Amino acid sequence: MILDSKHTTVAYRCPHCGAGVISAVNVFSLSADMVKLKCTCGKSEMSIVSSQDEKIRLTVPCMLCATPHIFTVNSSLFYGKEIFSLCCPYASDFPLAFFGEMNLVKGELARSELALLDMMEKNGLTPPEEIVDDEDLLPDPQVLDIVMFVINDMDAEGKIYCKCATDDNGRAYEAEITPEGVRVTCKQCGASRTVPTDSRLSAHAFLNADALYLE
């Protein structure tokens with residue numbers, strides 16, 4: 001007999017070192033009532049507790065507040081959503097944790113890092129060591145992840161524009177990873193554009209873009 005195990009991926013960002021902490025969680029790992037995700041720095045942890053009434057309680061460290069926040073969600077939401085964000089109650093646009101499909105969780109974790117760097121820069125704060133590149137010019141897998149994530153979002157929402165007629169529903173785009181970045185090309189008209197991935201700064205600028213225009 002094959003069991004259809006409910007599972008999801010959970011992630012949060014450590015408020016002490018800034019590192020992303022991610023782990024798979026399934027209904028069997030929660031059968032012992034509690035699962036703890038601990039940062040490798042040893043200074044933070046996120047706990048997940050399953051109750052008998054099919055509720056999931058998550059205690060999440062906060063990068064903005066001195067104490068963690070407690071969230072309660074239905075197990076159907078916890079295991080059924082492709083992606084779901086838990087935000088600070090005092091800053092609703094600042095996500096603290098995510099759960100859902102692994103690749104989507106990784107993408108949102110990368111987006112949250114860029115948003116955190118932007119917020120800290122605007123407030124004159126120094127980012128934690130774990131989320132600062134040595135020279136901010138070295139290739140970073142998370143930068144590539146976030147750029148690809150945003151490109152896929154733009155494609156799905158019809159926000160990639162090229163030389164083809166705007167009412168042409170047959171357009172198809174391909175993304176190619178190059179040493180300079182991710183080159184997006186229209187298969188019909190050949191228009192293309194390269195999105196740089198050499199630093200988090202360039203990725204953050206692309207994160208705030210409304211659309212991608214190919215030339």
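Trainee: What is the right way to look at the overall build of the chain in this model?
Mentor: The helix and strand tally for the chain stands at four helices and 13 strands. Residues classed as buried in the chain amount to 40% of the 215 residues present. Taking the contacts inside the chain whose residues are at least 6 apart along the sequence as the reference set, 46% of them involve residues at least 24 apart.

Trainee: Is there a simple way to explain the nonpolar core in this structure?
Mentor: Counting residues in hydrophobic clusters, the biggest one holds 28 residues, and the most contacted among them are Tyr12, Met46, Ile48, Leu58, Val60 and Phe78. If one sorts the elements of this core by residue count, strand β8 (residues 91–100) sits on top with five residues. Grouped together as the second largest cluster of nonpolar side chains are 20 residues, Ile146, Phe149, Ile151 and Tyr173 included.

Trainee: Honestly, the sheet that holds strand β5 (residues 55–60) in this entry has me stumped. Any pointers?
Mentor: Within a sheet, each strand pairs with its neighbour through backbone hydrogen bonds, oriented either parallel or antiparallel. Taken together, four strands build an open sheet; the order of strands is β3-β4-β5-β6 and the sheet is antiparallel. If you trace the sheet from one side to the other, it starts and ends with β3 (34–38) and β6 (69–74), each paired once. Going from strand to strand, the sheet's axes swing by 15 degrees on average, the running direction of each strand aside. Summarising the sheet, β5 and β6 pair through six bridges and their orientation is antiparallel. Following the sheet pairing, Thr59 is matched in β6 by Ile70.

Trainee: What should I look at first to understand the side chain of Arg13 in this one?
Mentor: Structurally, Arg13 is set in strand β1 (residues 7–13). Of note is the side chain of Arg13, whose polar atom sits 2.7 Å from the backbone oxygen of Gly18. A polar contact is formed between the side chain of Arg13 and the backbone oxygen of Leu109, at a distance of 2.9 Å.

Trainee: I keep staring at the pattern of salt bridges and nothing clicks. Help me out?
Mentor: Side chains that differ in charge, positive against negative, can pair when their charged atoms come close. Evaluated as defined, the whole model comprises three salt bridges. Two residues, Glu45 and Lys36, come together in a salt bridge whose shortest N-O distance is 3.5 Å. Residues Arg183 and Glu176 are paired through a salt bridge, measuring 2.7 Å at the closest nitrogen-oxygen approach. The class for Glu176 is partly exposed, based on a relative accessible area of 41%.

Trainee: Explain the sheet that holds β1 here, please?
Mentor: The sheet built from four strands is open, its strands ordered β2-β1-β8-β7 with antiparallel pairing. A strand with exactly one partner marks an edge of an open sheet, and here the two such strands are β2 (20–26) and β7 (83–88). Between one strand and the next, the sheet's axes are offset by a mean angle of 35 degrees, whatever the strand orientation. As defined by bridge partners, β1 adjoins β8 across four bridges and the pair is classed as antiparallel. Looking at the pairing, Ala11 lines up with Phe98 of β8.

Trainee: Even after reading the chapter, I still don't get the pairing of β1, so can you show me in this structure?
Mentor: For a regular strand, the rule is simple: side chains alternate between the two faces of the sheet. The buried fraction of β1 is high, at six of seven residues. Relative to β2, β1 is paired through seven bridges, and the arrangement is antiparallel. By the bridge assignment for β2, Thr9 is matched with Ala24. As consecutive antiparallel partners, β1 and β2 are separated by six residues, and within that stretch Gly18 has a phi angle of approximately 85 degrees, a positive value.

Trainee: Mind showing me how you'd approach the packing of aromatic side chains here?
Mentor: In this description, an aromatic ring pair is defined by two values, namely the gap between the centres and the angle between the planes. Across all of its chains, the model carries four aromatic pairs by this definition. Here the aromatic rings of Phe78 and Phe99 are separated by 5.0 Å at their centres, their planes lie at 50 degrees, and the arrangement is tilted. Here the residue Phe78 occupies a position in helix α1 (residues 75–80), and Phe99 occupies one in strand β8, the gap between them amounting to 21 residues. In terms of burial, Phe78 and Phe99 fall into one category: buried. Arranged with centres 5.2 Å apart and planes meeting at 20 degrees, the rings of Tyr161 and Tyr213 form a pair that is stacked. Placement of Tyr161 in strand β9 (residues 160–161) and of Tyr213 in strand β13 (residues 212–213) is noted, with a sequence separation of 52 residues between them. Tyr161 gets classed as partly exposed once you look at its relative accessible area, which sits at 32%. Three or more aromatic residues joined by ring pairs form one cluster here, namely Phe78, Tyr79, Phe84 and Phe99.

What counts and what doesn't
- Residues numbered from 1 in each chain as written.
- Predicted model: local features only at pLDDT ≥ 70, side-chain atom pairs only at ≥ 80, totals over all residues.
- Heavy atoms only, no water.
- Helix = DSSP H or I, 4+ residues; strand = E, 2+ residues; numbered from the N terminus.
- Buried < 20%, exposed > 50% of the residue type's maximum accessible area, 1.4 Å probe, protein only.
- Contact = heavy atoms within 4.5 Å.
- Core = buried A, V, L, I, M, F, W, Y, C linked by side-chain atoms within 4.5 Å.
- Pairing = 2+ DSSP bridges.
- Axes fitted to C-alpha atoms, helices over the stretch in contact; angles between N-to-C directions.
- Polar contact = N/O pair within 3.5 Å; in protein donor to acceptor, adjacent residues only side chain to side chain.
- Salt bridge = Lys/Arg side-chain N within 4 Å of Asp/Glu carboxyl O.
- Phe/Tyr/Trp six-rings, centres within 6.5 Å; stacked < 30°, edge-to-face > 60°.

Just geometry here; none of it tells us what the structure is for.
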